[in-house]
Amino acid sequence: MSKAEVDRVRQLFDLSGRVAIITGGAGLLGYQHGEVLAAAGAHVVLLDLAISDPAKSAVRLTANHQVECMGLTADITDEASIVDASRCILAKFGRIDILINNAANNPKVEDAKELAWSRLENLPVSVWDADIRVGLTGAFLCSRVFGTYMAKNGKGVIINVASDLALISPDQRLYRVDGLPEDQQPVKPVTYPVVKSGLLGLTRYLATYWTGSNVRVNAISPGGVWNAQPDVFLNRLKHLVPMARMANQSEYQGAILFLCSDASSYMTGANLVIDGGRTCW
Ligand SMILES: NC(=O)c1ccc[n+]([C@@H]2O[C@H](COP(=O)([O-])OP(=O)(O)OC[C@H]3O[C@@H](n4cnc5c(N)ncnc54)[C@H](O)[C@@H]3O)[C@@H](O)[C@H]2O)c1
């Protein structure tokens, strides 16, 4: 390979100077997405609730990559809060290039008891409303505010973080607790696959809506990530995944960089499934 060819490959993945917003950016995976984008040169904006302290995570990113990053407190269920965030970002960096709709309510039903509320028959409508509000309404509002800015600017990228559970139903046997009566067994709440399936619809809608404005919109569907889940859960899940393990926390970074960068310049409206093969079975 000539030096020019090597440079061209590097440029494909280079995000120097671009501004990337990650909702839920101080969470487990949001921060990991931030690491790879900052490593590729982007100014990363971690947008999250105050309780998750996005400013603290942004300090870490800046220190790790010597590129200025920002932590912003915002609630994506509130359009005014997103508009405020947009003003802050534009005042500091003067541009917005990338949005990752990553925030979601994701209750850890695999390591808790007393979750009878999670069952379809018991799920409070308030939980249904709150989950839809964060996972779907939040993604819609962020796309409207930040995506419209990118569309007017004639270039941009949006990634919606879905899940393998956008494609398959939760296997509720994974979450069973020995000794509990059937009507108290925890389940993955119905809202989770509903939100994630909805995000795939949002992805296709926005992708076709903004093709003329050069805003590419794609989804990723990650499988479960290892985060010290109990052994009983891990052993059950192993049998459902051809690769026989959960993902490591950094294993979605390649896909995130690919979809955010010019390496995926001919890709829009697609869903990248990264699930150790789970949805093949
Ligand atoms: N962890 C997994 O195994 C896994 C697997 C597949 C998909 N996903 C998806 O990846 C994404 C990130 O998951 P995670 O495991 O990092 O979750 P997480 O709970 O660690 O992070 C979610 C973040 O979203 C933030 N958030 C919640 N409501 C918000 C609001 N109204 N406004 C702004 N921020 C808000 C939270 O404060 C939190 O920091 C989610 O969409 C999740 O569904 C996760």
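Our subject in this report is the structure included herewith. Everything numeric in this text was worked out from a predicted model, so none of it was measured.

Below, the discussion takes up the pairing of strand β4 (residues 98-101). Residues of β4 alternate between two faces, with Ile98 and Ile100 on one and Leu99 and Asn101 on the opposite face, all of them buried. Across 3 bridges, strand β1 (residues 19-23) lies against β4 in parallel orientation. By the bridge assignment, Ile22 is partnered in β4 with Ile100. Across 4 bridges, β4 lies against strand β5 (residues 156-161) in parallel orientation. Directly across from Ile100, in β5, lies its bridge partner Ile159.

Here we come to the site of the ligand. The ligand sits among 24 residues. The nearest are Leu29, Asp48, Asn102, Tyr192 and Lys196. At 2.7 Å from an oxygen atom of the ligand is found a main-chain nitrogen or oxygen belonging to Leu29. A distance of 2.7 Å separates an oxygen atom of the ligand from a polar backbone atom of Asn102. Within the complex, the protein chains bury 87% of what would otherwise be the 840 Å² of accessible surface of the ligand. Mapped onto the shell around the ligand, the elements with two or more residues apiece are α2 (28-39) and α6 (191-209). Within the shell around the ligand, the residues separate by chemical class into 13 nonpolar, 8 polar and 3 charged.

Topologically, Leu259 is positioned in helix α8 (residues 253-260). In sequence terms Leu259 and Val157 are 102 residues apart; their C-alpha atoms lie 7.9 Å from each other. Not counting chain neighbours up to four residues away, the residues in contact with Leu259 comprise Val157, Ile159, Arg216, Asn218, Ala219, Ile220, Ser264, Met267 and Leu272.

Bringing the sheet that holds β5 into the picture now. The sheet built from 7 strands is open, its strands ordered β3-β2-β1-β4-β5-β6-β7 with parallel pairing. What marks the edges here is a single partner per strand, and that holds for β3 (70-73) and β7 (271-274). Each strand axis lies, on average, 20 degrees off the axis of its neighbour in the sheet, ignoring direction. On the sheet, helix α4 (residues 79-93) packs against β1, β2 (43-48) and β3 and is oriented at approximately 160 degrees with respect to β3. Running over the sheet, α6 touches β5, β6 (215-222) and β7 and is turned about 160 degrees from β6.

Next up on the list: the packing of α2 against helix α3 (residues 54-65). Relative to each other, α2 and α3 sit at 30 degrees, their axes nearing to 10 Å. With respect to α3, the element α2 is oriented roughly parallel. By crossing handedness, the relation of α2 to α3 is classed as right-handed. Contact with α2, carried on its side by Tyr31, Gly34, Glu35, Ala38 and Ala39, involves Ser57, Arg60, Leu61, Asn64 and His65 of α3 and no other residues of that element. A per-class count over the contact of α2 with α3 returns 4 nonpolar, 4 polar and 2 charged.

The next point concerns the pattern of salt bridges. Applying the stated rule across the entire model yields 12 salt bridges. Taking the shortest distance from any N to any O, the salt bridge between Asp262 and Lys155 comes out at 3.5 Å. Placement of Asp262 in the loop between α8 and β7 and of Lys155 in the loop between α5 (125-153) and β5 is noted, with a sequence separation of 107 residues between them. According to the relative accessible area criterion, Asp262 is partly exposed, its value standing at 27%. On the basis of relative accessibility, which here comes to 43%, the residue Lys155 falls in the partly exposed class. Overlapping salt bridges bring together Arg18, Lys155 and Asp262 as one network.

Cut-offs applied
Residues numbered from 1 in each chain as written. Predicted model: local features only at pLDDT ≥ 70, side-chain atom pairs only at ≥ 80, totals over all residues. Heavy atoms only, no water. Buried < 20%, exposed > 50% of the residue type's maximum accessible area, 1.4 Å probe, protein only. Helix = DSSP H or I, 4+ residues; strand = E, 2+ residues; numbered from the N terminus. Pairing = 2+ DSSP bridges. Near = heavy atom within 4 Å. Polar contact = N/O pair within 3.5 Å; in protein donor to acceptor, adjacent residues only side chain to side chain. Areas by Shrake-Rupley, 256 points an atom, 1.4 Å probe, with all protein chains shown as cover. Nonpolar A, V, L, I, M, F, W, Y, C, P; charged D, E, K, R; others polar. Contact = heavy atoms within 4.5 Å. Axes fitted to C-alpha atoms, helices over the stretch in contact; angles between N-to-C directions. Parallel < 35°, antiparallel > 145°, perpendicular 65-115°, else oblique. Left-handed = near helix turned anticlockwise from the far one by under 90°. Salt bridge = Lys/Arg side-chain N within 4 Å of Asp/Glu carboxyl O.

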